[in-house]
There are 4 protein chains.
Amino acid sequence: MGRNKKEIIREAAIKVMAELGYHHSTTDRIAQEAGLAVGTIYNYFGNKEEILEYIFAVEVEKRQTAFEKQLQSEKPIFEKLEALLELHFSEIAKNIAAGQILVRERQHPGKKEANGISAFLDGVPQLIQALLDTALEQGEIRPGSTRLLAAAIFGAVQEVAATAVFSQDKQLQKEILENAASELVHFFSLGMKASP
Amino acid sequence: MGRNKKEIIREAAIKVMAELGYHHSTTDRIAQEAGLAVGTIYNYFGNKEEILEYIFAVEVEKRQTAFEKQLQSEKPIFEKLEALLELHFSEIAKNIAAGQILVRERQHPGKKEANGISAFLDGVPQLIQALLDTALEQGEIRPGSTRLLAAAIFGAVQEVAATAVFSQDKQLQKEILENAASELVHFFSLGMKASP
Amino acid sequence: MGRNKKEIIREAAIKVMAELGYHHSTTDRIAQEAGLAVGTIYNYFGNKEEILEYIFAVEVEKRQTAFEKQLQSEKPIFEKLEALLELHFSEIAKNIAAGQILVRERQHPGKKEANGISAFLDGVPQLIQALLDTALEQGEIRPGSTRLLAAAIFGAVQEVAATAVFSQDKQLQKEILENAASELVHFFSLGMKASP
Amino acid sequence: MGRNKKEIIREAAIKVMAELGYHHSTTDRIAQEAGLAVGTIYNYFGNKEEILEYIFAVEVEKRQTAFEKQLQSEKPIFEKLEALLELHFSEIAKNIAAGQILVRERQHPGKKEANGISAFLDGVPQLIQALLDTALEQGEIRPGSTRLLAAAIFGAVQEVAATAVFSQDKQLQKEILENAASELVHFFSLGMKASP
DNA sequence: AATGAATGAGCATTCATTCAT
DNA sequence: CATGAATGAATGCTCATTCAT
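Here the structure is a predicted model, which means the values were calculated and not measured.

As a further point, take the interface of chain C and chain D. Between chain C and chain D, the residue contacts involve 40 residues of the former and 39 residues of the latter. Between chain C and chain D, roughly 3,900 Å² of surface is buried when both sides are summed, and carbon and sulfur atoms account for 66% of that area. There are two salt bridges connecting chain C and chain D. Linking arginine 106 of chain D and glutamate 159 of chain C is a salt bridge whose minimum nitrogen-to-oxygen distance equals 3.3 Å. Taken together, the links from chain C to chain D amount to 18 residue pairs in polar contact (both at pLDDT 80 or more). Taken together, the elements giving at least two residues each to the side of chain C that touches chain D come down to helix 6 (96–104), helix 9 (146–165) and helix 10 (170–190) of chain C. Considering every element that reaches the side of chain C that touches chain D, the biggest residue donor is helix 9 of chain C, with twelve residues.

This is the structure:
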């Protein structure tokens, strides 16, 4: 029951924050969207920021297990990566508004403690780096700074997702989200250069 | 004189916004940092957001001519790209605070008209795409969605820059900024895959 | 049973209000301290203020009978007074927290009807005045405004009690509470002036 | 000019807080009473509590110099005391509303640092005690706990003032305020007891 | 009677912007 | 042009009270 209410608030907040951005989203507006009184929000969240953190946390959790599964699998790195991106983009396709938030909000006002936001913005790059480190040991990828590469990959994925979720053209949006995983992995593995 | 004042405000705003983020930066604080009265700011900018736009606009302008020069040159695409990134990262190295803003602020609350912010966030990917389109025609790169690739490249660059400018480790920061251009272009051209 | 619950709430409220003051004491906090649900409080009290009134009322009642007894006794005024203060300070010593409330809270936001609070803040001075009026008739005390003297005495007692109950030094607290009655009566009867 | 504005706010706040009590006084209401915008209040005070502190501080200051003068004079203790009370009650007579606040508000939520409120509630009793200590050394008063006596005197004065300022009967109010000083000092020096 | 989730009026405080000097 | 005091709409959050279960 309580879970249900918290869920209602999360969904309302996603709708509102996707539309207005975190800073222009008021707690009153979120409450209204949720069909609840403002006070009710504060029975489930300590403050406005915690709502955003929770939105991130839920999205992170959705990807978490998949991530761990792939990390431990024996598949070649690029297959792992593609599986992860496939999941990521399909989740975004299922919830464009959440995708907009994931891609646009960057509040780390102090970056205190581990919260859902830094779990995503900092945690995901770290996981990617772990993936690359393993691949490097296995000789699957060329030598290079896995830290830098992980950042590059994360950024690339985020920006492609951003392009999709903020696209006005719904057809284009769908296309990008469907093809992004394979196109990006292709790009990440072989680069853009035409074969000689 | 006027130009000078506007410049003073821009620099003060960069300092403040880099530290506090756009939303937590007050006009009073910026005025204080600039050694001016708040009112004076409004003689040079219509409102707070215009300051941010101007910060972006100036950074865009710094890269503009270089971009156009490269677009028209006959060099191979990856040399062009590397030249551009070299410039970009060296500019960031010269002004870390400005880099933090470039990389963190994403206010398109309506994305009204063309402003300095969208000139960067939307314009740069478009320019990259133009670059790729030309390269594609020349057969320098494999077929593929240049739009998606352009977004990926822009995102990768932004995130690597973010890693650098928010790094506490100044030595690491310097390293990343120095090597990012060549490492990224290498990555973009040939991918990560180990050669067989 | 019901009586018991009301008592539990009163005691919890004393603990909380002594610590936080009336205005910073929340009904939730009181309920928690009482081991009850907030709603339950409202089965025994109409609103938060009534709890405070009840606290005062109970303390007043404890002193009431003693007061009446003394009023009707034939003892000299200062013996009566000392007996009353003795009772008062020993009650406070038995329940410091209640004493803190008695001494610190002064909500007469309208002073509507007769409630426990005004029964204490207004009633006690009136009773003292009655005592003095009798003594005056008997020629036990000098002529003078008994209203003013009653107020002075009440205020003096309250402030001495305040000094004690808010003292950090538990030893000092005990000392004050033990000696206050006799010292104050001495003071009230003969004043401070050194005998010639 | 600024001084003037702060003064206007202080006076408005006295009016409002005397009527409604500190906790029921809203900043909006104070601003309205002052003929200013709420924001303006915050140009002169950090928060609502500081207004109350300032009210106390100003009242304290009015009595400060007189206090110091009397402390250093050679007059007999009871003359000093009477002079002080004379001042105190005449100040209250000049500003009944301020007197109501002085007598009713007891916010020491933490009693952090020295503020105007504790300067009054704690400071004045200490000053009285210092006065008594000197008198004791001089043999002007009987031996006894000057701490307790100081508290008693302070409380007596406060309560008599309270009786006056909250009296509906304006004539009575005037009378009390006029006679309080001499009546109280008489009481303090010789007590109430009828001479044998 | 007991519960405690839901309520929403209420309020302190912030801060971009204005404009008289 | 420069100033900075004044403005007041906007907003996050609290908490006494209610009421369906």
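Accessible area lost upon the coming together of the parts is a frequently used measure of interface size. Between chain A and chain B, the residue contacts involve 39 residues of the former and 40 residues of the latter. Of the roughly 3,900 Å² buried at the junction of chain A and chain B (both faces included), carbon and sulfur atoms supply 66%. Inspection of the region where chain A meets chain B yields two salt bridges. Counting across the chain A and chain B interface gives 18 residue pairs in polar contact (both at pLDDT 80 or more). Elements with a contribution of two residues or more to the side of chain A that touches chain B: helix 6 (96–104), helix 9 (146–165) and helix 10 (170–190) of chain A. Looking at the side of chain A that touches chain B, the element that brings in the most residues is helix 9 of chain A, giving twelve residues.

A few words on the relation of the copies chain A and chain B. The transformation that overlays chain A on chain B combines an axial shift of 0.1 Å with a rotation of 179 degrees, and the residual RMSD is 0.1 Å. What the superposition gives is, in effect, a two-fold axis relating one chain to the other.

This paragraph deals with the pattern of salt bridges. Applying the stated criterion to the full structure yields 44 salt bridges over all chains. The salt bridge involving glutamate 59 of chain C is made with arginine 63 of chain C; its shortest N-O contact spans 3.0 Å. Placement of the pair is glutamate 59 of chain C and arginine 63 of chain C together in helix 4 (residues 48–72), with a separation of four residues, close to one helical turn. Each member of the pair, glutamate 59 of chain C as well as arginine 63 of chain C, is classed as buried. Bridged by salt links that share partners, the residues Glu7, Arg10, Glu59, Lys62 and Arg63 of chain A form one connected network.

Taken together, 29 residues surround DNA strand F, and among them Lys5 and Thr40 of chain B together with Lys5, Thr40 and Tyr44 of chain D come closest. In the interface set of DNA strand F, defined as its atoms within 4 Å of the protein, sugar plus phosphate atoms amount to 71%. Within the contact set of DNA strand F, a phosphate oxygen lies 2.9 Å away from a backbone nitrogen or oxygen of threonine 27 of chain A. Separating a base nitrogen of DNA strand F from a backbone N or O atom of glycine 39 of chain B is a distance of 3.1 Å. Mapped onto the surface near DNA strand F, the elements with two or more residues apiece are helix 1 (2–20) and helix 3 (38–44) of chain B, helix 3 (38–44) of chain C together with helix 3 (38–44) of chain D. Looking at the surface near DNA strand F, the element that brings in the most residues is helix 3 of chain B, giving five residues. In terms of residue class, the surface near DNA strand F is made up of ten nonpolar, 15 polar and four charged.

Below, the discussion takes up the side chain of lysine 48 of chain A. Residue and element names in this part refer to chain A. Its place among the elements puts lysine 48 in helix 4 (residues 48–72). There is no salt bridge for the buried lysine 48, and the closest opposite charge comes from glutamate 105, which lies 8.9 Å off by N-O distance. Within polar-contact distance, the side chain of lysine 48 engages the backbone oxygen of serine 25 at 2.8 Å. Not counting residues up to four positions away in its chain, the partners in contact with lysine 48 are Tyr22, His23, Ser25, Thr27 and Tyr42.

Let us now look at the domain arrangement of chain A. Residue and element names in this part refer to chain A. You can read the domains of chain A as domain 1 (1–46) and domain 2 (49–190). Taking only C-alpha atoms, the centre of domain 1 and the centre of domain 2 are 26 Å apart. Interface area, domain 1 with domain 2, both sides summed: about 1,400 Å², of which 68% is carbon and sulfur. When the buried area of domain 1 at its contact with domain 2 is split by residue, Arg10, Ile14 and Tyr22 rank highest and sum to 42% of it. Taken together, the links from domain 1 to domain 2 amount to one salt bridge. As a salt-bridge pair, glutamate 59 and arginine 10 come within 3.9 Å of each other at their nearest N and O atoms. The interface formed by domain 1 and domain 2 includes four residue pairs in polar contact (both at pLDDT 80 or more). Among the elements that line the side of domain 1 that touches domain 2, the one with the most residues is helix 1 (residues 2–20), at eight residues.

All names here are of chain C. Relative to the helices and strands, threonine 146 is located in helix 9. Overall, threonine 146 belongs to the buried group, its relative accessible area being 8%. Reaching out from threonine 146, the side chain makes a polar contact with the side chain of aspartate 133 at a distance of 2.7 Å.

Applying the stated criterion to the full structure yields 22 aromatic pairs over all chains. Residues phenylalanine 187 of chain D and phenylalanine 188 of chain D carry aromatic rings whose centres are separated by 5.8 Å and whose planes lie at 35 degrees to one another, so their mutual orientation is tilted. Take phenylalanine 187 of chain D and phenylalanine 188 of chain D: they sit in the same class, and that class is buried. Here the aromatic cluster, defined as three or more aromatic residues joined through ring pairs, consists of Phe187 and Phe188 of chain A together with Phe187 and Phe188 of chain B. Lysine 48 of chain B extends its terminal NZ or CZ atom over the ring of tyrosine 22 of chain B, reaching a point 4.4 Å from the ring centre. Cation over ring: lysine 6 of chain C sits above tyrosine 54 of chain C, and NZ or CZ is 4.4 Å from the ring centre.

The rules behind the values
Residues numbered from 1 in each chain as written. Chains lettered and ligands numbered in written order. Predicted model: local features only at pLDDT ≥ 70, side-chain atom pairs only at ≥ 80, totals over all residues. Heavy atoms only, no water. Contact = heavy atoms within 4.5 Å. Buried area = accessible area lost by both parts, 1.4 Å probe. Salt bridge = Lys/Arg side-chain N within 4 Å of Asp/Glu carboxyl O. Polar contact = N/O pair within 3.5 Å; in protein donor to acceptor, adjacent residues only side chain to side chain. Helix = DSSP H or I, 4+ residues; strand = E, 2+ residues; numbered from the N terminus. Least-squares fit on C-alpha atoms with pLDDT ≥ 70 in both. Buried < 20%, exposed > 50% of the residue type's maximum accessible area, 1.4 Å probe, protein only. Near = heavy atom within 4 Å. Nonpolar A, V, L, I, M, F, W, Y, C, P; charged D, E, K, R; others polar. Lys, Arg positive; Asp, Glu negative; His and termini not counted. Domains from an automatic or database assignment. Phe/Tyr/Trp six-rings, centres within 6.5 Å; stacked < 30°, edge-to-face > 60°. Lys NZ or Arg CZ within 6 Å of the ring centre and 35° of its normal.

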